[in-house]
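# An overview of the molecular structure
The primary structure of each chain is shown beneath.
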Amino acid sequence: MTQNFTGNFTQQEPIPQAGIDAALAVMQHGRLHRYNTSGTEIAEAALLEEEFAAQTGAKYCLAVASGGYAMTTALRASGVTHGDHVLTNAFTLAPVPGAIAAVGGVPVYVGVTEDLVIDLDDLATKLPQARVLLLSHMRGHICDMERLMALCDAANVTVIEDCAHTMGAAWNGIPSGRWGKFGCYSTQTYKHINSGEGGLLISDDTEGMARAIMLSGSYMLFGTHRAAPPPEAFVQIKYETPNISGRMDNLRAAVLRPQLRDLPTQAARWNERYAVLAEGLAATTGLRLPHRPEKEAFVASSFQFLLLDWPKPAVADVLARCKARGVELKWFGGAEPVGFTSRYDSWRYAPSAPMPASDRVLAGIIDMRLPLTFSVDDCALIARIIKEVVETVYQGLDSGAG
Ligand SMILES: *Cc1c(COP(=O)(O)O)cnc(C)c1O
């Protein structure tokens with residue numbers, strides 16, 4: 001008998017009770033704005049920043065309205081302005097090139113490898129075209145960060161990391177987000193901690209963070225921040241920096257603080273599920289799993305595999321058969337952008353030359369959400385379904401009937 005999956009791929013876990021209690025307390029006192037505090041009270045937003053800075057080892061942290069806002073702020077604070085070229089990944093999601101466009105920049109796309117990380121050889125040839133790289137650790141895959149930083153440092157290119165999928169992850173023991181000048185995080189519902197919308201920005205750069213705080217809309221209240229540069233850092237910057245409001249409020253910060261404490265536990269739960277899927281699919285003919293290097297400590301909030309060099313109708317067949325059995329897969333190779341999924345040639349405000357090697361990879365990338373509402377047994381069932389479907393369709397190809 002064929003077994004179908006009945007779980008929901010977009011259902012996150014509830015907010016932990018401690019977050020609900022903290023949010024209620026904020027609503028009861030009514031001081032939702034981060035600069036509205038009473039007496040010696042410390043705003044939830046300031047506490048969240050202090051705790052995230054401590055957790056990542058960063059000197060400074062700023063809580064903002066979204067991951068996209070964190071990226072535009074990092075770009076602005078790094079001096080990116082109208083007409084500047086900014087390097088970024090061809091394989092990422094729309095908020096990344098969107099952040100570059102928001103500051104008037106022009107994205108220059110860098111290719112993707114079969115292991116789903118930025119192609120460092122392609123990057124090396126394109127470094128002379130820009131002063132900044134907005135590096136997206138797309139779907140939590142982390143490239144060789146030592147090599148990337150050596151290339152960028154030698155070319156004088158500033159690195160800003162998009163860590164929307166790598167909160168809690170590390171390369172060679174150093175947290176993702178701590179390699180570049182800025183690390184940008186999202187707390188949107190589908191990321192590693194959930195406040196619906198929200199973002200965090202970390203840095204060790206005193207001038208850059210002072211600018212970021214002013215940009216975010218601190219008025220002259222930057223002194224109430226805790227994980228922030230000292231007042232001296234603002235002496236000149238406070239006059240020079242426009243206010244582009246994008247602050248985080250105390251309600252979201254209250255919801256996030258307990259989740260931040262739970263992050264290591266949640267990461268282990270995600271990785272337990274990932275391991276079951278990876279094991280279940282390891283020996284599947286026609287299917288390739290991206291290699292995860294020893295140095296990469298990832299947080300597997302999603303799962304990817306490749307159907308490399310498959311004819312498009314066969315990939316579409318796999319997706320349809322999996323869907324019929326309750327397994328929702330996303331495909332980066334579809335003709336049209338769908339749902340959250342699009343790719344570099346969908347972003348026509350920033351046209352690019354064709355990238356055949358990346359097109360080959362993108363055409364084969366299958367992507368699946370891994371919400372923690374799935375049990376380990378659910379993941380084993382999902383793996384069995386995908387394996388059966390992929391092998392069935394692949395056999396059809398072999399015999400010429402596909
Ligand atoms: C979600 C996401 C972001 C930031 O998104 P916001 O919705 O603005 O918080 C950035 N990069 C990637 C790859 C993302 O998936």
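Residues numbered from 1 in each chain as written. Predicted model: local features only at pLDDT ≥ 70, side-chain atom pairs only at ≥ 80, totals over all residues. Heavy atoms only, no water.

### Let's talk about the overall build of the chain
This is how it is decided: For helices the rule is a DSSP run of H or I covering at least 4 residues; for strands it is a run of E covering at least 2, with both sets numbered from the N terminus onward. With C-alpha atoms as the basis for the radius of gyration, the globule rule is written as 2.2 Å multiplied by the number of residues raised to the power 0.38. Accessible area is worked out with a 1.4 Å probe on protein chains only. A residue is then buried under 20% of its type maximum, exposed over 50%, and partly exposed in between. In this count, Lys and Arg are taken as positive residues and Asp and Glu as negative ones, while His and the chain termini are left out. By convention, the charge on Lys lies at NZ, on Arg at CZ, on Asp at CG and on Glu at CD.
Looking only at helices and strands, one finds twelve helices and 13 strands in the chain. The C-alpha radius of gyration computed for the chain amounts to 22 Å, which stays within 12% of the reference 21 Å derived for 402 residues, consistent with globular compactness. When the backbone C-alpha atoms are referred to their principal axes, the chain occupies close to 75 × 50 × 35 Å. The burial tally for the chain puts 53% of its 402 residues in the buried class. The distance from the centre of the 34 positive side-chain charges to the centre of the 42 negative ones in the chain is 4 Å.

### As for the nonpolar core
We count it as follows: In this text, buried Ala, Val, Leu, Ile, Met, Phe, Trp, Tyr and Cys residues form a nonpolar core when linked through side-chain atoms within 4.5 Å. Each domain's extent is set by a domain assignment, obtained either automatically or from a database. Residues are treated as being in contact if the distance between any of their heavy atoms lies within 4.5 Å.
Ranked by internal contacts, the top residues of the largest apolar core, which has 60 residues, are Leu133, Leu148, Val327, Met368 and Ile386. Here the element with the most residues in this core is helix α12 (residues 376-398); it accounts for nine residues. Shared between two domains, this core holds at least three residues of each, these being domain 1 (17-257) and domain 2 (263-398). With residues up to four places along the chain from it excluded, the contact list for Ile386 reads Leu281, Leu287, Phe305, Cys322, Val327, Leu329 and Met368.

### Topic: the side chain of Thr341
Assignment of secondary structure puts Thr341 in the loop between β12 (330-331) and α11 (356-362). Residue classification places Thr341 among the buried positions, given a relative accessible area of 8%.

### A few points about unusual backbone geometry
Non-glycine residue Leu116 carries a positive phi angle of around 70 degrees. Relative to the helices and strands, Leu116 resides in the loop between β3 (106-110) and α5 (120-126). Despite not being glycine, Arg139 shows a phi value in the positive range, around 55 degrees. Relative to the elements of secondary structure, Arg139 occurs in the loop between β4 (132-136) and α6 (145-154).

### Examining the packing of aromatic side chains
Our working definition: The aromatic pairing rule takes the rings of Phe, Tyr and Trp, using the six-membered ring of Trp, and pairs them if the centres are within 6.5 Å, calling planes under 30 degrees apart stacked, those over 60 edge-to-face and the rest tilted.
According to the stated counting rule, one finds twelve aromatic pairs in the structure shown. Considering the side-chain rings of Phe52 and Tyr185, the 4.8 Å spacing of their centres and the 85 degrees angle between planes classify their relative orientation as edge-to-face. Taken together, the residues span a long stretch of sequence, with Phe52 in helix α2 (residues 44-56) and Tyr185 in strand β8 (residues 182-186) at a distance of 133 residues. Seen in terms of ring centroids, Tyr109 and Trp347 are 5.9 Å apart; in terms of plane orientation they differ by 45 degrees. Their pairing is tilted. A residue pair is termed long-range when its members are at least 10 positions apart, and Tyr109 in strand β3 and Trp347 in the loop between β12 and α11 qualify at 238 residues. Here the aromatic cluster, defined as three or more aromatic residues joined through ring pairs, consists of Phe5, Phe9 and Phe374.

### Things to note about a nonpolar patch on the surface
Heads up, the rule is: Patch construction takes residues with relative accessible area above 30% that form no salt bridge. Like charges are linked within 9 Å, and nonpolar side chains (Val, Leu, Ile, Met, Phe, Trp, Tyr) are linked within 5 Å. Areas reported here follow the Shrake-Rupley algorithm with a probe of radius 1.4 Å; residue values treat only the protein chains shown as occluding. The rule for a salt bridge is simple: a side-chain nitrogen of Lys or Arg has to be within 4 Å of a carboxyl oxygen of Asp or Glu.
Taken together, the side chains of Ile20, Leu24, Met27 and Leu32 define a hydrophobic patch exposed on the protein surface, amounting to about 310 Å² of accessible area. Positionally, Leu32 belongs in the loop between α1 (17-29) and α2.

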